[in-house]
Structure formats: structure tokens, C-alpha cells
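Listed below, chain by chain, are the residues.
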4 protein chains.
Amino acid sequence: MQIRVYYEDTDAGGIVYHSNYLNFCERARSEFFFQKGMLPVIENKHFVVRKMNCDFKASAKFGDVVEVTTKLLEMKKASFTIYHEIKKEDRVLFSSEVLLVLVKDGKAQKLTETIQQTLNSLFQA
Amino acid sequence: MQIRVYYEDTDAGGIVYHSNYLNFCERARSEFFFQKGMLPVIENKHFVVRKMNCDFKASAKFGDVVEVTTKLLEMKKASFTIYHEIKKEDRVLFSSEVLLVLVKDGKAQKLTETIQQTLNSLFQA
Amino acid sequence: MQIRVYYEDTDAGGIVYHSNYLNFCERARSEFFFQKGMLPVIENKHFVVRKMNCDFKASAKFGDVVEVTTKLLEMKKASFTIYHEIKKEDRVLFSSEVLLVLVKDGKAQKLTETIQQTLNSLFQA
Amino acid sequence: MQIRVYYEDTDAGGIVYHSNYLNFCERARSEFFFQKGMLPVIENKHFVVRKMNCDFKASAKFGDVVEVTTKLLEMKKASFTIYHEIKKEDRVLFSSEVLLVLVKDGKAQKLTETIQQTLNSLFQA
């Protein structure tokens, strides 16, 4: 997924404001669903980020086009982990491991086999 | 209402990104409700901006503290108009007239006398 | 220019936060420059929004794809006016007239004939 | 530091969009400098987030007032680590360890003893 950096993404330091890399990753995760004609909602349950490690290696600036890659790292009974990289040309600017849960009424839900298959097929493709 | 300008509010031009002045005004409108222990929701209806004129006179920058003032300009049967100014010390940086409607299920609602009184007492105080 | 609505663009009302339509328009204006391999900077001068009228007719929601159109309405000696529409399919959700100036060191600059020609050729194409 | 949650901070899920907790923490870090009449800039060098672990334990929603606490965890020769918690009343909603570096012209700078003392006195107070 290619993302252009606009003024709104930058700050007075002249580079992309740090938390916006997380937004870029979330766009990429959501887009996997949109591309299949789905919303990122499964059986009325929503995805919520529970934990996240982020590595900010270098900066993107106004006008850059960056690429976000998304890989399913691990699938567990109540959570799964996605690995993102944001690159500018061949250089990795940002990487992140994101642990997500599926939530209904504020409570984490078990990932049934059907849900695991849906997620596997979406993110492995 | 005083608002500090943080990095997230600025862009690569070194000043507050233009649409963030609208956010500052919305914070000020919402805060009138919060100060009374209310949410900006009346009889399950939400406020939606319908029209807006904005005048960007000068810029705020990182670290500035600006002040947002809010005045009820006009009350009609199905809408009302708020006037905001954003100042830095005595200088007006931004002004805006905002026409708001009260919406339920996507449809604008009549402002009953009770609602008009609530809005009058909130914003005139 | 097509823009997808992601979570970050929406608010707790379930629809796109009002000021984000302005961001979508700014992305569209900047993209005209990027498509020509330029930054939206001319002779070291930057564009700044000076006035804006906005008409919020209907709402976009999470997952929608909207289209932003951009038209040069008027060219003056020290400013120019752009007209934007944001549509979802054939329905206009938002329209705006945006008066822009070219600024250097905080001061509005004359639009020389060369600059006017550049802007005309960019936005008329 | 107390922060009110406004519409702009929330998303269509009805809660604060995940990356905005990072913004709240950045506001808190910057505010330490502003309170001393400083910008978060030392000897012309800017702070940049290099690594971050985030734990999203529970959600804040529209209208909530949350409190951000900031603690200096570790000081090294070229980086330092801050620990933040965001609480709603007594409940921790979010915690994060943030490794920061001081950057000039894109390069991380040594934290001289003077700089270390400044940071210590700012964040330990």
C-alpha cells in the first residue's frame, strides 16, 4: 500500500509526526478488508490494538511516497500479531509489531477457527 | 478557553495546520457542555456543522497559547450560528461563523423552545 | 482524486470529523503539484489559506471512497480562489471556496505573471 | 497534566483513536518545557522518538478527562527513556516507554552533561 505524505501528516520539525506512522499502518490493515468488500469488523466485533512495539529508524517528509507492508506474524486463541514496515524506496523508516484483539462490548473475544481462517486468508494472501 | 499549540497541531510550514483552527473551535463549543456536566447531545440529537465561513488572518506556531471565544450569533427554528475568534494575546488570528444543526438519524431536527433555551443559557452565560 | 475514509478520519459520531474535509481538499491541491514532480512551493513561497466558505451537505463514513474535484475559480494579483467538491458517487457531500495567497516570511506576495501561468497550467489541466 | 477528550480524538468505534494516546504523551513531554518558558529544543537540537513500547489497557471516550504522568526512567549517553501512564481516575488506560534521542540535521547527538542535567531537572521535578 502506497501512501503520500501531505502537510497534515507533518509537524513543525518538517517531518512526519511520529504517531502518524501508526495511522499509516492502520490504514493498511483496514485496506485488506476494504479490498475484499468488507469492513474490518467480524461478527459485529471490532479490532483493537492491545500492545505495540515501534521502531522509528528514519523520517519521511512532506511529498514523500512511502510503502506500508503488512504480515501476519502469529495467531493465538484470543489475539494475533501483525508486523508492519514502512519503507521509502528500499529504506525501512519504521517497523512495528502490533498485537490486536477482537472486542465486543469492551471485552476481548475468542478467535474462533472461522475467524482465524478469515484473518489468515486476508493477511496471508 | 485557552489552548496550547503542540507539535501535532503544526505542519512542515512551521505553523498550525489550517484545519486545526476548526478543531480548536469545536473543542470550545463542546467544553461549554462539559462544564455543565453535559455531553454536547440534546434529546439524543447531535450537533453537525452545516456551513462555515473562515477568515485566517495570522498564524499560531508551536508553543503558542491561544484563546478561543464563542458567541451565539443567531437562533433559528432549525439552525443556529456561532461566532468564534481565536486570539493570541490581543491579536485575532482566526475568526469563523459556524452554522450548526441538530441531527438525528441523519436528519436535521427542529429546535424546540426547550432546546433553544438550553442553547441560549449555555452560550450566553 | 479518490480518498478512502479510514478510522482516523472519523469521530465518535460515526462520520468523518468536519475539519477533515478540509484536509482532503488540501491533499488534492498538493497532489496537483506532486503529479508534476513539484512541491507546492513556488520561488520559495508557500501557499496559505486566507479565507474559506464551506458547505457540509452530507456525511461520509468509515470505508467510503470519496472523490475530490478541484477547479481554479479566479486569479487575482495577490490571491487566487479554488473551488472543491467532495462527492460520494454522484452525491456532493461537501463544497468549498478557498482563497489562497502565496506567502514568504509571513507576508503575502504578488502573483507575478510567471506564477499565474504556472498556477493556471497546473489547475486548468 | 489533564487532557479532555474531544470529538477529534475519537473514531467511529466511539473511543479514542489508538495513536492519539501517543499525542497526549507528547503534549505532556512538551509541556514540561513550556512550563519553564522553554521550547523542547536544546542547543538547536530537537527530540525525536526512536523506540516505543505501548500497552493499551482500556479506552477513553468522548468527554473523558484523562491524566498523563511522565517519569524519566533512564539516561544514557545518546538517548533517554521516559515512562508515561494515562489514567482515568485511578485506572491506567495506557502506558508507554519512549526512547528519545536529540537530533540535529537528522543525526542523533551525544547528551552532554549539561543536557543531561537540564533533562534531569526538568523531568525529575
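Residues numbered from 1 in each chain as written. Chains lettered and ligands numbered in written order. Predicted model: local features only at pLDDT ≥ 70, side-chain atom pairs only at ≥ 80, totals over all residues. Heavy atoms only, no water.

1. Comments concerning the relation of the copies chain C and chain B
The two copies are related by a screw operation: chain C maps onto chain B through 180° of rotation and 0.0 Å of translation along the axis, at an RMSD of 0.0 Å. The relationship between the two copies is best expressed as a two-fold rotation axis. Residue Asn53(C), judged by its C-alpha, is the member of chain C lying nearest the rotation axis, at 2.3 Å. Most of the interface of chain C is mirrored in chain B: 100% of its interface residues are interface residues there too. (Least-squares fit on C-alpha atoms with pLDDT ≥ 70 in both. Contact = heavy atoms within 4.5 Å.)

2. Points about the interface of chain C and chain B
The figure often quoted for interface size is the accessible area lost as the parts come together. In this complex, chain C contributes 16 residues to the contact, which on the side of chain B involves 16 residues. Of the roughly 1600 Å² buried where chain C meets chain B, counting both sides, 50% is carbon and sulfur surface. The interface formed by chain C and chain B includes two salt bridges. A salt bridge links Asp55(B) to Lys51(C); the nearest nitrogen and oxygen atoms lie 3.3 Å apart. On inspection of chain C and its partner chain B, the count reaches 10 residue pairs in polar contact (both at pLDDT 80 or more). Those elements that provide at least two residues to the side of chain C that touches chain B are helix H1 (20-34) and strand S3 (45-56) of chain C. The element best represented in the side of chain C that touches chain B is S3(C), accounting for eight residues. Its residues assigned to classes, the side of chain C that touches chain B comprises six nonpolar, four polar and six charged. The pairing of strand S3 (residues 45-56) of chain B with S3(C) spans five bridges and is antiparallel. Note on S3(C): the bridge partner recorded for Cys54(B) is Met52(C). (Buried area = accessible area lost by both parts, 1.4 Å probe. Salt bridge = Lys/Arg side-chain N within 4 Å of Asp/Glu carboxyl O. Polar contact = N/O pair within 3.5 Å; in protein donor to acceptor, adjacent residues only side chain to side chain. Helix = DSSP H or I, 4+ residues; strand = E, 2+ residues; numbered from the N terminus. Nonpolar A, V, L, I, M, F, W, Y, C, P; charged D, E, K, R; others polar. Pairing = 2+ DSSP bridges.)

3. Comments concerning helix H1 (residues 20-34) of chain A
With 15 residues, H1(A) ought to run about 21 Å at 1.5 Å a step, and its terminal C-alpha atoms sit 20 Å apart, in line with that. Burial within H1(A) is extensive, with 14 of its 15 residues counted as buried. (Expected span 1.5 Å × (residues − 1). Buried < 20%, exposed > 50% of the residue type's maximum accessible area, 1.4 Å probe, protein only.)

4. Quick word on the packing of aromatic side chains
Residues and elements named next belong to chain B. Enumeration according to the criterion identifies 48 aromatic pairs over all chains in this entry. Arranged with centres 5.0 Å apart and planes meeting at 50°, the rings of Phe32 and Phe123 form a pair that is tilted. Here Phe32, found in helix H1 (residues 20-34), pairs with Phe123, found in helix H2 (residues 113-124); they are 91 residues apart in sequence, far enough to count as distant. Under the relative-accessibility criterion, Phe123 is labelled buried at 5%. (Phe/Tyr/Trp six-rings, centres within 6.5 Å; stacked < 30°, edge-to-face > 60°.)

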